[in-house]
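Coordinate analysis (summary)
Listed here are the chains, written in short residue letters.
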Amino acid sequence: MTQNGKGRPLRSTLWWDNPADPGMTALYLERYLNFGLTREELQSGKPIIGIAQTGSDLSPCNRHHIELASRVRDGIRAAGGVPLEFPVHPIQETGKRPTAALDRNLAYLGLVEVLYGYPLDGVVLTTGCDKTTPAMLMGAATVDIPAIVLSGGPMLDGHFEGKLAGSGTVVWEARRRHAAGEIDYDTFIEMVAGSAPSVGHCNTMGTASSMNAMAEALGMTLPGGAAIPAPYRERGQNAYETGKRIVAMVHEDLRPSHIMTRQAFENAIVVASAIGASTNCPPHVNAIARHIGVELVNDDWDRIGYDIPLLVNMMPAGEYLGESYHRAGGLPAVIAELMRHGKIHRGALTVTGRSIGENNEGARITDSKVIRTFEDPLKQQAGFAVLKGNLFDSAIMKTSVISEDFQRRYLRKKGDENAFEGRAIVFDGPEDYHQRINEPGLQIDENCLLIIRNCGPVGYPGSAEVVNMLPPDALVRRGISELPCIGDGRQSGTSGSPSILNASPEAAVGGGLALLQTGDWIRIDLNKRSANLMVSDAELAQRRKDYKLPELVNQTPWQEIYRSMVGQLDGGGVLENAVKYQKVAETFGVPRNNH
């Protein structure tokens, strides 16, 4: 029986070349010949490599992978492997209702079943749009066969009226200008459409760019692979090299559990701060860690990453887009700068078979306006602040996008710096927000905090990107485009709002936000990392006694299954019973025969 370089039998031979069981071998083999594969290929001892295809017409951010797969196939064959491409459940943040967050765990489940139950020795994980990256890494972590990530890359830079228009980020600017009466509906649409000029995922440092950077920081993709724009020739070259490399990884038996270690996750946290990464990174990365068996919690993001400076000048925290970032050196340049100051675990292993330090040692910054040095960062402290109090056990605030205007209005009160108080305006979901935000009776002013609840994993369901709420039109026309926002949902990684979000536990399961009432006074203290409703303990106890959990309506079978199993965002929003399944391929061997 064919073995890899570490003396382990290739999984695929147990399906397709097992003389001890000719009946089953024949059954498994014959149908895979019917579209042109040969017996020689399948019984040659060549590694069988899956290509997990996330691209489709329903997933435009990843559609480029349909073409890229041919270069992956070329690389696999050049290295002596046999490629088998298979579909992955579609995930498209901008297309799926009620939210694509539902699809991350569904795609994860499907991938686990494919990787474990089919004759695959290794897999290329195609990623791009937000949740495709964590879904693929979660699945690979659970099964633990050799795996490598191939990002589809960001779109080319967008433009509108001669200015850069960043995907996602321009939506929030257009929303503000429309509310202020500066643009009409048609201009709104044209402005946003200008941000999407080519194939690829978001060209800003939204969740897509951030999570593909996390894959690279974790060591799961070839160096520099995260930032190459989708239409560039280097993207096709990267696909080819990725195909070649996964075959070698099978021979080396280099698996995700060897790569995604505690040191790798700490590297990812540091990188997230330096690039101004999305607020969706903590739940996604925490989810990957739980499936690989590494303990990682929100407090680690604050402890390890808060004091890391912001080095990447890219929207929404900066001013440039993906093409400039790639040409300035991309993530290797950022990692090299972090290594120069002792912030990276240089010995962490990667898919290259070498350490992250060896991979990035010679990288350099080629445009210091786009990638800054430690000595000249955009901000000295750019990590996530993790807040706690009677409103929630854990929530995060992205400090890299705190604007000068927000600092001046809320965080520079003499004698009480980095803290603010305000009157709560509570909305039960985005529909309630849109219906009532402009009601004069709410008397919303600059001293108010906007609260949105019942938008978490259970409540929505799936956790929706709704926390970055625009103030009432009247305030926007006065030049107040940001109010403090708090919610148990998420927000787009392309948003520049310094919201407090991912509040756990969420209101729908009885978290503190459920007890909040419009008119309550809230105090946020970033120095103490606290967020509290300023009412007496007796009043809180009475409210909790009177509170009844909302009646939740499931619209599909998956929503019911999802709600019954999903955990909170601070724990990654995973299916809680799934995390006990680890190193499945090694633990259980191959599944029992199907006949």
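Predicted model, so just to flag it, every value in this text is computed and none were measured.

Check the secondary structure of the protein chain and you find 23 helices and 14 strands. For the protein chain, whose C-alpha radius of gyration is 24 Å, the value lies close to the compact-globule estimate of 25 Å for 595 residues. Principal-axis analysis of the C-alpha atoms gives the protein chain an extent of 80 × 55 × 45 Å. Counting contacts in the protein chain only where the partners sit at least 6 residues apart, residues at least 24 apart contribute 75% of the total.

Secondary-structure assignment places Thr54 in the loop between strand 1 (48-53) and helix 4 (65-78). By relative accessible area, Thr54 is classed as buried at 2%. Among the polar contacts made by the side chain of Thr54, one reaches the side chain of Asn62 at a distance of 2.7 Å. A polar side-chain atom of Thr54 sits 3.0 Å from a polar atom in the side chain of Thr126. Here Thr54 is in contact with Ser59, Asn62, His65, Val88, Thr126, Thr127, Thr132 and Met136, once residues within four sequence places are set aside.

Moving on, we get to the pairing of strand 12 (residues 500-504). Counting buried residues in strand 12 gives 5 out of 5 residues, a clear majority hidden from the surface. Here strand 8 (residues 392-398) runs beside strand 12; their pairing, made up of 3 bridges, is antiparallel. When the bridges of strand 12 are listed, Met397 appears paired with Ile500.

Looking now at a negative patch on the surface. A cluster of acidic residues, Glu161, Asp184, Asp186 and Glu190, forms a negative patch on the protein surface. Tracing the chain through its elements places Asp184 in the loop between helix 7 (169-179) and helix 8 (185-193).

A few words on unusual backbone geometry. Going from Met315 to Pro316, the amide bond is cis rather than trans, its omega being 10°. With respect to the helices and strands, the residue Pro316 is situated in the loop between helix 14 (298-305) and helix 15 (322-327). Note that the residue after Tyr460, namely Pro461, is joined by a cis bond; omega there is 0°. With respect to the helices and strands, Pro461 occurs in the loop between strand 10 (448-452) and helix 20 (473-477). The backbone of Ser463 sits at a positive phi, close to 70°, despite the residue not being glycine. Judged by its relative accessible area of 3%, Ser463 is buried.

With respect to the helices and strands, the residue Asp157 is situated in the loop between strand 4 (147-151) and strand 5 (159-160). Despite being buried, Asp157 has no salt bridge partner; Arg327 is the closest side chain of opposite charge, sitting 5.3 Å away. The residues contacting Asp157, other than those within four sequence positions of it, are Leu164, Pro197, Asn203, Leu321, Gly322, Glu323 and Ser324.

Applying the stated criterion across every chain, the model contains 40 salt bridges. Notably, a salt bridge pairs Glu182 with Arg176, separated by 3.7 Å at the nearest N-O pair. Judged by its relative accessible area of 46%, Glu182 falls in the partly exposed class. With its nearest N and O atoms 3.4 Å apart, the salt bridge here joins Arg262 to Asp300. On the criterion of sequence distance, the pair formed by Arg262 in helix 12 (residues 262-275) and Asp300 in helix 14 is long-range, its members being 38 residues apart. Overall, the relative accessible area of 29% leaves Arg262 in the partly exposed class.

Within the structure shown, the criterion is met by 7 aromatic pairs. Between the aromatic rings of Tyr410 and Phe420, the centroid separation amounts to 5.7 Å while the plane-to-plane angle is 55°, which identifies the pairing as tilted. Here Phe420 lies in strand 9 (residues 419-427) and Tyr410 lies in helix 18 (residues 404-410), a separation of 10 residues in the sequence. Relative accessible area serves as the criterion here: at 8%, Tyr410 is assigned to the buried category. These aromatic residues form a ring-pair network of at least three members: Phe406, Tyr410 and Phe420. Positioned above the aromatic ring of Tyr306, the side-chain terminus of Arg529 is 4.1 Å from the ring centre.

Once that is clear, we can look at the layout of surface pockets. Quantified by volume, the largest pocket comes out at close to 1100 Å³. As for the largest pocket, its lining consists of 40 residues, and the residues nearest its centre are Glu93, Thr94, Val171, Trp172 and Glu465. Mapped onto the lining of the largest pocket, the elements with two or more residues apiece are helix 7, helix 8 and helix 19 (430-436). In terms of residue count, helix 19 provides more of the lining of the largest pocket than any other element does, 4 residues in total. Residues belonging to the lining of the largest pocket are distributed by class as follows: 18 nonpolar, 15 polar and 7 charged. Looking at the second largest pocket, its volume works out to about 520 Å³. Lining the second largest pocket we find 22 residues, and of these Trp172, Ser481, Glu482, Gly496 and Ser497 sit closest to its centre. Per-element tally for the lining of the second largest pocket: the top contributor is helix 7, with 5 residues. Taken together, the residues of the lining of the second largest pocket break down into 9 nonpolar, 8 polar and 5 charged.

Right, let's get into empty space enclosed by the protein. For the structure on display, the rule yields 3 cavities of 30 Å³ or more. Considering only enclosed or pocket space, the largest cavity measures out at about 90 Å³ in volume. Broken down by secondary-structure element, the contributors of at least two residues to the lining of the largest cavity are helix 5 (101-117) and helix 13 (281-292). Tallied by class, residues from the lining of the largest cavity come to 5 nonpolar, 5 polar and 3 charged. Empty space within the second largest cavity amounts to approximately 70 Å³. Taken together, Pro154, His201, Met205, Ser209, Asn212, Ala213, Ala226, Ala227, Met314, Gly322 and Tyr325 form the lining of the second largest cavity. Residue assignment for the lining of the second largest cavity shows that the elements contributing at least two residues are helix 9 (207-217) and helix 15.

So, how was this worked out
- Residues numbered from 1 in each chain as written.
- Predicted model: local features only at pLDDT ≥ 70, side-chain atom pairs only at ≥ 80, totals over all residues.
- Heavy atoms only, no water.
- Helix = DSSP H or I, 4+ residues; strand = E, 2+ residues; numbered from the N terminus.
- Rg over C-alpha atoms; globule rule 2.2 N^0.38 Å.
- Contact = heavy atoms within 4.5 Å.
- Buried < 20%, exposed > 50% of the residue type's maximum accessible area, 1.4 Å probe, protein only.
- Polar contact = N/O pair within 3.5 Å; in protein donor to acceptor, adjacent residues only side chain to side chain.
- Pairing = 2+ DSSP bridges.
- Patch = residues over 30% accessible without salt bridge, like charges linked within 9 Å, V, L, I, M, F, W, Y side chains within 5 Å.
- Areas by Shrake-Rupley, 256 points an atom, 1.4 Å probe, with all protein chains shown as cover.
- Salt bridge = Lys/Arg side-chain N within 4 Å of Asp/Glu carboxyl O.
- Lys, Arg positive; Asp, Glu negative; His and termini not counted.
- Charge placed at Lys NZ, Arg CZ, Asp CG, Glu CD.
- Phe/Tyr/Trp six-rings, centres within 6.5 Å; stacked < 30°, edge-to-face > 60°.
- Lys NZ or Arg CZ within 6 Å of the ring centre and 35° of its normal.
- 1 Å grid on protein atoms, 1.4 Å probe; cavity = no way out; pocket = protein on both sides within 12 Å on 5 of 7 lines; lining within 4 Å.
- Points joined across faces, edges and corners; volume = space filled by probe spheres on them.
- Nonpolar A, V, L, I, M, F, W, Y, C, P; charged D, E, K, R; others polar.

Nothing here speaks to function; it is geometry throughout.
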